[in-house]
Amino acid sequence: AIVNQLYVYYKLGDHVTLNLGQFNTFLGYEVISPAINFHYSTSYLFSWGPFNHTGLRADFDFGGGFVGKLSIMNPTDIVEFNPVNTYTLGAQVGKAGDGGSIYLNFLYGDQDGTLDESDPDEDGTSAGTLFQGDITASVNMGEKFSLGINASYQTTAAGEELNVAGDVVDSDGDASSFFGVALYPKLTLTENFSLGLRGEYFAIKNAHLNIFTLDKYDAINDVNLGDGSVVEFTLSANYKAGGLMLIPEFRIDKTSEDSFVDKDNKATDLLATFSLAAVYKF
């Protein structure tokens, strides 16, 4: 919870590097450090994608700007030890150059372990295998304008449960999933001042994440079910003064259901916020 990244690396040659330890995820457009992101608030894609991994990762440099990664890791964000005894595979292939970059990223693995009917303390359910495919790209359109793109799809199988006899059986129901896409146009007006917009659409299926009100509700168990979506637009400015970055930001979130509460304590599907952040990089 304290350490962001801590890993060792060993170069097998000019084209292959092995990394062992805890490292930030290679999926997604936004990153953990606010000193690197243009916007201070984060996207839904960032908030509900992976953050950190612990494991072994091989980085490949194929030449000509082509790169790749292969990794075997703990389940996502289980970084200090692995109590569930399952592992996640990761992969990336990409190309970067003066005109921009594009990366295809993948995760595959069981994130919460499997049920054991011989364990007397075992109860509940276990989610199935997770798969996530992610694409991140950037395009430089001259000296002053650039465009970033991120799209991601994640799905988790229904998994397993214990029946009344105490046997492990496959759970009924469909897989749950999310899909999101975000665009990041940025205009650099001067050396110290730039403007950027993030436009994002994010949707979940079959209650994949309980992050906003969904279109179905189970009153008996007090849980949201079904599907839901959100559209958000974030307009930010970056003003640099030495190592200090000032980020005034205006953001609007519009959900498919009434997921927020307004100043009169009434449910609403619209939330508008303004913030002013100061980030110092040293």
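Each remark here, short or long, concerns the structure printed above.
Overview of the structure.

Cut-off values and rules
Residues numbered from 1 in each chain as written. Predicted model: local features only at pLDDT ≥ 70, side-chain atom pairs only at ≥ 80, totals over all residues. Heavy atoms only, no water. Core = buried A, V, L, I, M, F, W, Y, C linked by side-chain atoms within 4.5 Å. Buried < 20%, exposed > 50% of the residue type's maximum accessible area, 1.4 Å probe, protein only. Helix = DSSP H or I, 4+ residues; strand = E, 2+ residues; numbered from the N terminus. Contact = heavy atoms within 4.5 Å. Pairing = 2+ DSSP bridges. Phe/Tyr/Trp six-rings, centres within 6.5 Å; stacked < 30°, edge-to-face > 60°. 1 Å grid on protein atoms, 1.4 Å probe; cavity = no way out; pocket = protein on both sides within 12 Å on 5 of 7 lines; lining within 4 Å. Points joined across faces, edges and corners; volume = space filled by probe spheres on them. Polar contact = N/O pair within 3.5 Å; in protein donor to acceptor, adjacent residues only side chain to side chain.

**Observations regarding the nonpolar core**
Most often, soluble globular proteins have nonpolar side chains that are buried together. Within the largest apolar cluster, twelve residues are counted, these being Tyr44, Leu45, Phe178, Ala182, Tyr184, Phe202, Ile204, Leu209, Phe212, Leu214, Val230 and Phe260. Of all the secondary-structure elements, those providing two or more residues to this core are helix 1 (44–48), strand 12 (176–188) and strand 13 (193–205). Among the elements that make up this core, the one with the highest residue count is strand 12 (three residues). Once residues lying within four places of it in the same chain are set aside, the contact partners of tyrosine 184 are Tyr29, Glu30, His39, Ser43, Ser146, Leu147, Gly148, Ile149, Asn150, Leu197 and Arg198. In this structure, Phe23, Phe26, Met73 and Leu130 belong to the second largest nonpolar core, which totals six residues.

**Side note on the pairing of strand 4 (residues 66–73)**
Strand direction decides the pairing type here: strand 3 (residues 52–63) and strand 4, joined by eight bridges, are antiparallel. Bridge assignment links glycine 55 to a residue of strand 4, and that residue is methionine 73. The hairpin formed by strand 3 and strand 4 contains two residues between the paired strands, and glycine 64 there has a positive phi angle of roughly 65°. Note that strand 4 and strand 5 (residues 88–97) share eight bridges and pair antiparallel. Within strand 5, the residue paired with methionine 73 across the bridge is threonine 88.

**Here's the deal with the sheet that holds strand 11 (residues 168–170)**
Within a sheet, each strand pairs with its neighbour through backbone hydrogen bonds, oriented either parallel or antiparallel. Here three strands make up an open sheet; going across it, the order is 7-10-11 and the pairing antiparallel. Strands with a single pairing partner mark the edges of an open sheet, and in this sheet they are strand 7 (125–126) and strand 11. As judged from the three bridges shared by strand 10 (residues 160–162) and strand 11, these two strands associate in the antiparallel manner. Paired with glutamate 161 across the two strands is valine 169, which belongs to strand 11.

**Overview of the packing of aromatic side chains**
For the coordinates displayed, the defined rule picks out nine aromatic pairs. Geometrically, the ring pair formed by phenylalanine 46 and phenylalanine 51 is edge-to-face, given 5.2 Å between the ring centres and 85° between the ring planes. Overall, the relative accessible area of 15% leaves phenylalanine 46 in the buried class. Residue classification places phenylalanine 51 among the partly exposed residues on the basis of a relative accessible area of 26%. Here the aromatic rings of phenylalanine 60 and phenylalanine 62 are separated by 6.0 Å at their centres, their planes lie at 5°, and the arrangement is stacked. Judged by relative accessible area, which is 55%, phenylalanine 62 ranks as exposed.

**Some remarks on the layout of surface pockets**
Of the volumes computed, that of the second largest pocket is approximately 350 Å³. Counting residues per element, the ones that place at least two in the lining of the second largest pocket are helix 1, strand 8 (129–140), strand 9 (145–156) and strand 12.

**Observations regarding unusual backbone geometry**
The phi torsion of most residues other than glycine is negative, and most of the peptide bonds are trans. Within the chain, alanine 207 stands out as a residue other than glycine whose phi angle is a positive 55°. Inspection of the secondary structure puts alanine 207 in the loop between strand 13 and strand 14 (216–218). Of note, asparagine 265 is a non-glycine position whose phi angle comes to about 65°, a positive value. Relative to the elements of secondary structure, asparagine 265 occurs in the loop between strand 18 (260–261) and strand 19 (267–268).

**Considerations on the side chain of serine 152**
Relative to the helices and strands, serine 152 resides in strand 9. According to the relative accessible area criterion, serine 152 is buried, its value standing at 2%. Within the local environment of serine 152, its side chain forms a polar contact with the backbone oxygen of glycine 133, the two atoms lying 3.5 Å apart.

**A short note on the environment of glycine 97**
Turning to its location among the elements, glycine 97 is positioned in strand 5. It is 9.1 Å that separates the C-alpha atoms of glycine 97 and phenylalanine 66, two residues lying 31 residues apart in sequence.

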